[in-house]
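So the chains spell out like this:
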Amino acid sequence: MLDSAEEPLVRVRDLKMHFPIYKGLMKRQVGAVKAVDGISFDIFEGETLGLVGESGCGKSTVGRCVLRLYDILSGSVVLDGQEIADLNGPDLRAKRPEMQMIFQDPQACLNPRMTVGSIISEPLFEHKKMTKEERRSKVAELMDAVGLARRFADRYPHEFSGGQRQRIGIARALALNPKFIVCDEPIAALDVSIQAQVVNLLEDLQDKLGLTYLFISHDLSMVRHLADRVAVMYLGRFVELAPSETLYTNPQHPYTQALLSAVPHPDPAQAGGVDRIILKGDVPSPAAPPTGCTFHTRCPRAIDICKKDAPEWRQIGDGHFGACHLID
Amino acid sequence: MTSADKQVEAKNRSLWGDVWSQFRTHKGAMVGMVVFSIILFGVTAGPFLWKTDPQYLDIRAKNTFPMISCFFTGSQIAQCFSDPTSIKFFDPDAEVLERIKVTWAHPIGSDQLGRDLLAQLLQGGRVSLAVGMTAMLLSLVLGTVAGVVAGYFKRLDGPIMRLTDLFLALPLLPLLLVIIMLFRDTLRNAFGPETGIFLLIVFIIGITSWMQTARIVRGDVLALKEREFILAANSIGTPSKRIITRHILPNILSPIMVSATLGVATAIITESALSFLGLGFPSDFPTWGRLLFDGTTFIQQSPARVIWPGLAISLTVLSVNFIGDGLRDALDPRIRGR
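Small disclaimer: the values here were computed from a predicted structure and weren't measured. (Residues numbered from 1 in each chain as written. Chains lettered and ligands numbered in written order. Predicted model: local features only at pLDDT ≥ 70, side-chain atom pairs only at ≥ 80, totals over all residues. Heavy atoms only, no water.)

Asks: If you had to explain the overall build of chain A to someone new, which residues and values would you point to?
Replies: Across its full length, chain A carries 10 helices and 12 strands. What you see for chain A is a C-alpha radius of gyration of 21 Å, in line with the 20 Å of a compact globule of 328 residues. With respect to the principal axes defined by its C-alpha atoms, chain A has extents near 70 × 60 × 50 Å. Here chain A, with 328 residues, has 52% of them falling under the buried criterion. On chain A, roughly 14,700 Å² of surface is accessible, and the fraction owed to carbon and sulfur atoms is 50%. Treating the 38 positive side-chain charges of chain A as one cloud and the 42 negative ones as another, the clouds have centres 7 Å apart. (Helix = DSSP H or I, 4+ residues; strand = E, 2+ residues; numbered from the N terminus. Rg over C-alpha atoms; globule rule 2.2 N^0.38 Å. Buried < 20%, exposed > 50% of the residue type's maximum accessible area, 1.4 Å probe, protein only. Areas by Shrake-Rupley, 256 points an atom, 1.4 Å probe, with all protein chains shown as cover. Lys, Arg positive; Asp, Glu negative; His and termini not counted. Charge placed at Lys NZ, Arg CZ, Asp CG, Glu CD.)

As structure tokens, then:
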């Protein structure tokens with residue numbers, strides 16, 4: 001990835017996002033939650049990068065940092081050749097149409113007081129000079145594209161099912177013809193049957209419009225189905241990144257192995273022989289991460305060096321990266 | 001045009017049409033609106049229909065009772081219409097036949113100086129309603145702006161909320177005395193005695209009653225700001241001012257409505273308290289609050305003098321409250337159409 005000749009659409013280098021903790025009467029800063037602590041990756045045009053990890057490991061924060069919904073602490077985010085990590089105000093606003101987001105909770109991400117039509121046309125209103133009729137016809141087009149009936153444009157979000165609401169969110173994200181979309185667990189709040197519909201819709205749209213996704217999820221099977229490459233995250237850092245098939249068939253990092261062993265098998269009888277790696281204990285607090293390799297407190301194969309030195313992020317195969325002392 | 005398109009067109013009802021049809025289903029709101037319209041019509045058109053001068057001293061007819069009391073004296077109801085002054089009734093306390101003091105010239109009675117209560121009530125309602133509404137609007141605007149700004153912009157939260165606390169902690173009466181002493185004459189000279197005092201009172205009530213609204217609004221904005229649809233608007237690139245007008249304000253409509261309707265009541269009462277202390281309108285200038293306070297002295301002899309203005313204030317407050325309630329429901333798309 002680092003030596004690739006092709007210029008990536010999104011290039012993230014050493015991204016850090018710390019949330020300060022204030023305490024006491026004087027509101028002094030006593031520490032920071034290191035939600036994202038030095039992450040580098042590329043996303044190439046037209047591909048889907050899956051991002052998986054436990055709850056609270058910083059997946060969503062990565063997505064929001066890449067979209068500059070937070071002011072990042074340090075690092076570089078290049079989108080389509082332009083550095084956006086230090087953009088602000090009108091410059092950042094001008095860049096917004098190229099990058100959009102699909103949210104986890106389709107109920108919460110739609111303003112309950114706005115009609116579907118006005119929700120979908122909000123980005124058009126903000127960035128395009130369009131007459132009312134033009135906006136209306138564009139909204140109708142978008143609703144067709146995501147499989148919503150045009151006559152729903154005057155209805156309110158609460159009148160829809162979860163899947164339909166997610167389609168509204170997708171239509172809004174598509175309104176400005178973005179190149180890059182961050183999908184922040186878009187299927188986590190949906191029924192399984194609806195999940196498939198939404199994922200298929202996302203795939204169709206990618207084929208049709210050549211979109212690039214950063215697909216954040218904790219559903220490993222869905223990520224395997226959808227993503228070209230997958231990154232595994234633990235406590236603010238990437239532990240492994242590999243092409244989808246490589247990661248699922250030949251995981252190198254003990255954490256990835258543990259995660260994959262927890263994926264339910266469609267036929268339990270057949271899966272009887274598989275050893276589950278059970279991780280003990282909780283995820284350490286990101287405000288005070290362990291020294292050395294952050295995973296050593298729960299790693300079943302930890303050795304002495306893991307407690308002292310943080311493993312280096314390095315290439316271990318064709319497009320396969322990892323950070324572990326045990327990988328040679 | 002295909003049939004499907006026609007169906008689309010047919011479904012396009014206007015937003016305000018929906019709001020109105022929902023509002024009409026709210027019985028309380030409809031009753032409130034009828035009552036409020038009557039009151040409004042009474043105070044605007046009333047003085048033209050009932051031409052008695054509210055300031056005129058008809059000293060021979062002082063302390064007359066409302067005509068209603070005539071109907072309770074016994075069997076001479078017909079006489080009430082023809083010649084009410086000749087009616088006598090038996091006073092059980094004095095054990096003599098007494099003449100009841102009623103006259104059609106003062107259908108709901110008169111005060112101790114013979115001023116007609118009906119004319120005063122109609123005239124006073126104009127001032128009271130005007131003060132109530134404008135003061136409510138002023139305090140609402142102040143409170144909402146302060147609350148939204150404090151809730152939305154983290155840096156301003158501390159200063160604005162401490163200012164709010166400061167206003168809450170201010171001893172109101174000394175403040176009012178100082179303000180009125182400083183500005184009454186200037187305003188009187190600039191705008192005339194009545195408009196000047198009106199502006200002063202509206203201003204005073206407005207700047208001393210916005211704090212509750214500000215606190216409630218700030219709390220709601222803080223909660224709302226963390227919702228995902230605000231984040232979505234940020235990711236679209238909507239600037240702060242439009243996030244506030246498009247996403248925040250419509251969603252804090254309910255608490256604003258509630259404080260608005262309650263604000264009318266407080267403003268009317270506060271105005272009357274000010275008049276009572278001699279800080280408000282001149283004593284010969286009738287307002288509902290003024291009539292109420294003047295009447296309390298005579299509550300034993302003629303309770304009607306307290307009942308009429310009290311009823312007017314209560315009905316206004318109640319009807320405004322119900323209208324606000326109905327409006328709040330009608331503006332909420334989740335309740336509408338259910």
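Asks: Any details on unusual backbone geometry? Residues and values, ideally.
Replies: Generally, phi is negative for residues other than glycine and the peptide bonds are trans, each holding for most cases. Residue and element names in this part refer to chain A. The phi angle at R68 is positive, at roughly 60°, despite the residue not being glycine. The topology assignment puts R68 in the loop between α1 (59-66) and β4 (74-79). Under the relative-accessibility criterion, R68 is labelled buried at 4%. The phi torsion at E185 lies on the positive side, around 45°, for a residue other than glycine. Positionally, E185 belongs in the loop between β7 (180-184) and α6 (192-209).

Asks: Could you give an account of the packing of aromatic side chains, naming the residues involved and the relevant values?
Replies: In this description, an aromatic ring pair is defined by two values, namely the gap between the centres and the angle between the planes. Considering all chains together, one arrives at 11 aromatic pairs over all chains under this definition. Within the aromatic cluster, the residues linked to one another by ring pairs are F41, F238, W313 and F321 of chain A. (Phe/Tyr/Trp six-rings, centres within 6.5 Å; stacked < 30°, edge-to-face > 60°.)

Asks: Give a description of the nonpolar core that names residues and reports values.
Replies: F41, I170 and F180 of chain A are the most contacted members of the largest nonpolar core, which totals 95 residues. One finds Y152, F229, A265 and I313 of chain B within the second-largest nonpolar core, a separate group that totals 39 residues. (Core = buried A, V, L, I, M, F, W, Y, C linked by side-chain atoms within 4.5 Å.)

Asks: Now, about the interface of chain B and chain A: what can you tell me, with residues and values included?
Replies: Contact with chain B, which involves 28 residues of that partner, is made by 29 residues of chain A. Each partner contributes to the roughly 2,600 Å² buried at the junction of chain B and chain A, and carbon and sulfur atoms together form 53% of this total. The largest share of the area that chain B buries against chain A comes from E228, S235 and I236 of chain B, three residues that together contribute 26% of it. One can count five salt bridges joining chain B with chain A. For the salt bridge of R246 of chain B with E122 of chain A, the shortest nitrogen-to-oxygen distance reads 2.8 Å. (Contact = heavy atoms within 4.5 Å. Buried area = accessible area lost by both parts, 1.4 Å probe. Salt bridge = Lys/Arg side-chain N within 4 Å of Asp/Glu carboxyl O.)

Asks: An account of the sheet that holds strand β5 (residues 82-83) of chain A is needed here, citing residue identities and associated values.
Replies: Residue and element names in this part refer to chain A. Across the sheet, which stays open at both edges, the four strands sit in the order β2-β1-β4-β5 with antiparallel pairing between neighbours. Across the chains shown, the open sheet's two edge strands, defined by having one partner strand only, are β2 (28-43) and β5. Of the strand pairs in this sheet, β4 and β5 are connected by two bridges, and their pairing is antiparallel. Looking at β5, one finds that V78 is bridged to E83. (Pairing = 2+ DSSP bridges.)

Asks: Let's hear about the pairing of strand β8 (residues 212-216) of chain A: which residues, and what values?
Replies: Residues and elements named next belong to chain A. β8 sits mainly inside the fold: five of its five residues count as buried. With burial as the criterion, each face of β8 is covered, one bearing T212, L214 and I216 and the other bearing Y213 and F215. The pairing of strand β3 (residues 48-53) with β8 spans four bridges and is parallel. Counted as the bridge partner of T48 is Y213 from β8. Examined bridge by bridge, β7 and β8 share five bridges and lie parallel to one another.

Asks: Which residues make up the environment of V230 of chain A, and what values do they have?
Replies: All names here are of chain A. In this fold, V230 is placed in strand β9 (residues 229-234). Relative accessible area serves as the criterion here: at 0%, V230 is assigned to the buried category. For the pair V230 and V36, spaced 194 residues apart in sequence, the C-alpha separation works out to 17 Å. When sequence neighbours within four positions are dropped, the list of residues in contact with V230 reads L49, G50, V52, V223, E240, L241, A242, S244, L247 and Y248.

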